[in-house]
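Coordinate analysis (summary)
Okay, here's what each chain looks like letter by letter:
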Amino acid sequence: VTVLKAHFKEISLSTSKRLDLVDITEEVSSFVQECKIESGICLVTSLHSTSAIVVNEHESGLMEDILRKVREEFPRGAGWHHDRVDDNADAHLASVFLGHSKTFPVRDGRLERGMWQNIFFLELDGPRTRRVLFEVMGV
Ligand code: ZN
């Protein structure tokens, strides 16, 4: 009989701009190692509808490019219906298309990721304090 183990952790982070990228790779990676799960998966989920979790290289130019692309694809105040509620339809839309969570393999007790695959919380309607959940499941 194989017993599946599960551990979760919730972190709180502060963003400093309306659009912002916060690198959470180290938090995710250390939590996975603390869990002592040899083989399984790690889910990283944002608990908000105006944010996303994205994975890519931590290079300042690229990070600016990502924010620029978000601005270009999801322009603010472009006549969105939801803007009549709280003026942040662009942030909700970007979240829908970019996704609120990402999943990673856990192998040999470690988070499996490529050398240039950092994990970012993408703020789409900041600055705010945000909650992100990590869930590691496996054996
Ligand atoms: Zn809204």
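These lines cover the structure that appears in this document, whether it is placed above or below. (Residues numbered from 1 in each chain as written. Predicted model: local features only at pLDDT ≥ 70, side-chain atom pairs only at ≥ 80, totals over all residues. Heavy atoms only, no water.)

Quick notes on the environment of Arg113
Stated formally: Secondary structure elements are taken from DSSP: a helix is a run of H or I of four residues or more, a strand is a run of E of two residues or more, and numbering for both begins at the N terminus. We call two residues in contact when some of their heavy atoms are within 4.5 Å. Polar contacts, as used here, are pairs of N or O atoms within 3.5 Å; protein pairs need one atom able to donate a hydrogen and one able to accept it. Residues neighboring in sequence count only if both atoms are side-chain atoms.
Mapped onto the secondary structure, Arg113 falls in the loop between β6 (110–111) and β7 (118–123). In contact with Arg113, other than residues within four places in its own chain, are Thr25 and Asn118. Within the local environment of Arg113, its side chain forms a polar contact with the backbone oxygen of Gln117, the two atoms lying 3.0 Å apart. A polar side-chain atom of Arg113 sits 3.3 Å from a polar atom in the side chain of Asn118.

Observations regarding the coordination of the zinc ion
What counts, and what does not: For Na, K and Ca the donor cut-off is 3.2 Å, and for all other metals it is 2.8 Å, counting N, O and S atoms only; because water is absent from this set, sites may look incomplete. Partly exposed describes any residue whose relative accessible area lies between the buried limit of under 20% and the exposed limit of over 50%, with all areas from a 1.4 Å probe on protein chains only and scaled to the type maximum.
In the first shell of the zinc ion, the protein supplies His82 (NE2), Asp86 (OD), Asp86 (OD), Asn88 (OD1) and His92 (NE2), at 2.0 to 2.7 Å from the metal. When the donor residues of the zinc ion are listed from N- to C-terminus, their spacing reads H-x3-D-x1-N-x3-H. Looking at Asn88, the relative accessible area reads 2%, which means it is buried.

What about unusual backbone geometry?
Between Gly126 and Pro127 the backbone carries a cis peptide bond, its omega angle lying at -5 degrees. Summarising the element assignment, Pro127 is placed in the loop between β7 and β8 (129–138). For Asp87, which is not glycine, the phi dihedral falls at a positive 60 degrees. Backbone geometry at Asp108 places phi at a positive 50 degrees, although glycine is not the residue there. If you trace the backbone, Asp108 turns up in the loop between β5 (101–107) and β6.

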